[in-house]
Structure formats: C-alpha cells, structure tokens
Amino acid sequence: MGVENAEVQLSASGDVNQEQFQAAIKRSLLPLYRNNPMVVDSLFEEYAAPQLEEVDLGGNVLQSNGELKSDLLNKNQKVAYEAITEYFREPQRDQSPDNITWPDSLRSEEYSGVVQLQVHLDVEGEGENATSRADAVEVLSGPHPTLNRIALKAATQATWKPAYVLEDGSWTPTESWVQFNIPFQMR
C-alpha cells in the first residue's frame, strides 16, 4: 500500500490524474490507516474510491508548492473518512493506567518529555462487550530509557475499546494498531 511514502507525482503539464489524487487522499488519512492498514485500504477501495472518482480534477487544483489545494484535499479527505468510518470504528482508550510514577531523579526539565508508543491491540471477548489490550508495544521516541520502560509497562496496563468492522450488519471487533503518547512533564 505504501500510504506514508505515496507522493503525488505530477505529469509535465502539472495535471493531476485520479490515481495521484486518490494517493494524496490516502496519505491524508494516514492516522486512520495506522489502525489496520489492510482493512482500511480495502474499505477505501470499496467505498471511498468510487466517490472520489466523481471529483473534477480539471482546472487549477494545485498550490504553488505542487500539493493539492487545501480546500480540495480537506473536502475529499472528509468524504473518504466518512465513507470508511461508516464500516470501521477506530479503537478508543477505555482506561488509562492511573498515577504513573517515575523516579525523582528523572523529574527535571532535562528528562521532561513525551514517550511516543505504537501498540498492537489484541481482542478479548466478542461483540460490543469485547475489550482490547496491548500484546506488542514499541517505543517510537522518548526522553530517557527508564521513562521509556515505565511507559511500556503503563501501555500494557491500559485497556481499550477495540476497533470494529461492520460485517453482515453487525460490528465485529478486530485487532488493530494505535499510536499514543505518555507525557512525563514537570509540574
């Protein structure tokens, strides 16, 4: 799929074709794609792409920097997002770990910061009562190795409402990915 690295490659005339346009819309939906790339991409192709094919790409659709005009991008990003989320619900954090504690020796401006995590959520249970918990966690960035480890542990204690896919008229929980931050700030 390559959504993150997809770029609108313009022809010599500066025209944008439907394939380039849809690639730009997909790239604008990257946070949604991160939840479950295969499911979201198949929903994009099935439900969003047909709506985007109706967009008139004639005339001046590009900004001076070669990107799609923001009003065109935003309007159609919303169209695609709504088409996908009619059949896909993103995971939602249900319960965060309370009172994350960390060593006093790391409570300074020097170590203050945010640990950014990517978490794979596995599904426990079925139907609307299902929950999700982390079964894999990766630190994407963080201010200190000890704080990173504390954030990893906290992420495994958090609970989530899973992602859901509408299948045959009912919502089915599905595994997914999320990215979120745990701040370690001085107060």
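Values in this document were obtained by computation on a predicted structure and should not be read as measured data. (Residues numbered from 1 in each chain as written. Predicted model: local features only at pLDDT ≥ 70, side-chain atom pairs only at ≥ 80, totals over all residues. Heavy atoms only, no water.)

### Focus on the overall build of the chain
Here is step 1 of the chain: Assigned secondary structure in the chain consists of five helices and eight strands.
Here is step 2 of the chain: Reading the secondary structure of the chain in the N-to-C direction produces α-α-α-α-β-β-β-β-α-β-β-β-β.
Here is step 3 of the chain: In terms of overall dimensions, the chain is more spread out than a globule: its C-alpha atoms have a radius of gyration of 20 Å, far above the 16 Å expected for 187 residues.
Here is step 4 of the chain: Considered along the principal axes of its C-alpha atoms, the chain spans approximately 60 × 45 × 25 Å.
Here is step 5 of the chain: Within the chain, buried positions represent 37% of all 187 residues.
Here is step 6 of the chain: Counting only contacts in the chain whose residues sit at least 6 apart along the sequence, the fraction spanning at least 24 positions is 70%. (Helix = DSSP H or I, 4+ residues; strand = E, 2+ residues; numbered from the N terminus. Rg over C-alpha atoms; globule rule 2.2 N^0.38 Å. Buried < 20%, exposed > 50% of the residue type's maximum accessible area, 1.4 Å probe, protein only. Contact = heavy atoms within 4.5 Å.)

### Observations regarding the pairing of strand β6 (residues 163-167)
Here is step 1 of the chain: In the sheet, strand β1 (residues 88-89) pairs with β6 via two bridges, with the strands oriented antiparallel. Following the sheet pairing, R89 is matched in β6 by Y164.
Here is step 2 of the chain: Relative to strand β7 (residues 170-174), β6 is paired through five bridges, and the arrangement is antiparallel. Considered in β7, the bridge of L166 is made with W171.
Here is step 3 of the chain: Count of turn residues in the β6/β7 antiparallel hairpin: two residues, of which D168 carries a positive phi of about 50 degrees. (Pairing = 2+ DSSP bridges.)

### A word on the nonpolar core
Side chains of nonpolar character tend, in soluble globular proteins, to be buried together.
Here is step 1 of the chain: Counting residues in hydrophobic clusters, the biggest one holds 26 residues, and the most contacted among them are F21, F44, L68, I84 and F88.
Here is step 2 of the chain: Where this core is concerned, the elements lending two or more residues are α1 (18-28), α2 (30-33), α3 (37-52), α4 (70-85) and β6.
Here is step 3 of the chain: Here this core gets seven residues from one element, more than from any other, and that element is α3.
Here is step 4 of the chain: The residues touching F88, leaving out its near neighbours within four places in the chain, are L32, N35, N36, V39, V40, L43, A163, Y164, V165 and W171.
Here is step 5 of the chain: L117, V119, W160 and I182 belong to the second largest nonpolar core, which has 18 residues in total. (Core = buried A, V, L, I, M, F, W, Y, C linked by side-chain atoms within 4.5 Å.)

### Remarks on the environment of S141
Here is step 1 of the chain: By the secondary structure assignment, S141 is in strand β4 (residues 131-141).
Here is step 2 of the chain: Given the relative accessible area of 34%, S141 is considered partly exposed.
Here is step 3 of the chain: Taking the C-alpha atoms as reference points, S141 and L117, 24 residues apart in sequence, are found 7.3 Å from one another.
Here is step 4 of the chain: Residues in contact with S141, not counting those within four places in the same chain, are V114, V115 and Q116.

### Quick notes on the packing of α3 against α4
Here is step 1 of the chain: Across the interface, α3 lies against α4 with an axial gap of 8 Å and an inter-helix angle of 130 degrees. Considered as vectors, α3 and α4 are oriented oblique to each other. Where α3 crosses over α4, the handedness of that crossing is right-handed. Along the contact surface, α3 presents V40, L43, F44, Y47, A48, Q51 and L52, while α4 presents N76, V79, A80, A83 and I84.
Here is step 2 of the chain: In terms of residue class, the contact of α3 with α4 is made up of ten nonpolar, two polar and no charged. (Axes fitted to C-alpha atoms, helices over the stretch in contact; angles between N-to-C directions. Parallel < 35°, antiparallel > 145°, perpendicular 65-115°, else oblique. Left-handed = near helix turned anticlockwise from the far one by under 90°. Nonpolar A, V, L, I, M, F, W, Y, C, P; charged D, E, K, R; others polar.)

### Topic: the domain arrangement of the chain
Here is step 1 of the chain: Each assigned domain of the chain is listed with its residue range as follows: domain 1 (18-89) and domain 2 (92-184).
Here is step 2 of the chain: For domain 1 versus domain 2, the separation of C-alpha centres amounts to 28 Å.
Here is step 3 of the chain: Carbon and sulfur atoms make up 50% of the surface buried where domain 1 meets domain 2, a total of about 890 Å² over both sides.
Here is step 4 of the chain: Applying the counting rule to domain 1 against domain 2 returns one salt bridge.
Here is step 5 of the chain: With its nearest N and O atoms 3.5 Å apart, the salt bridge here joins E128 to R89.
Here is step 6 of the chain: Its residues placed into classes, the side of domain 1 that touches domain 2 shows three nonpolar, three polar and three charged. (Domains from an automatic or database assignment. Buried area = accessible area lost by both parts, 1.4 Å probe. Salt bridge = Lys/Arg side-chain N within 4 Å of Asp/Glu carboxyl O.)

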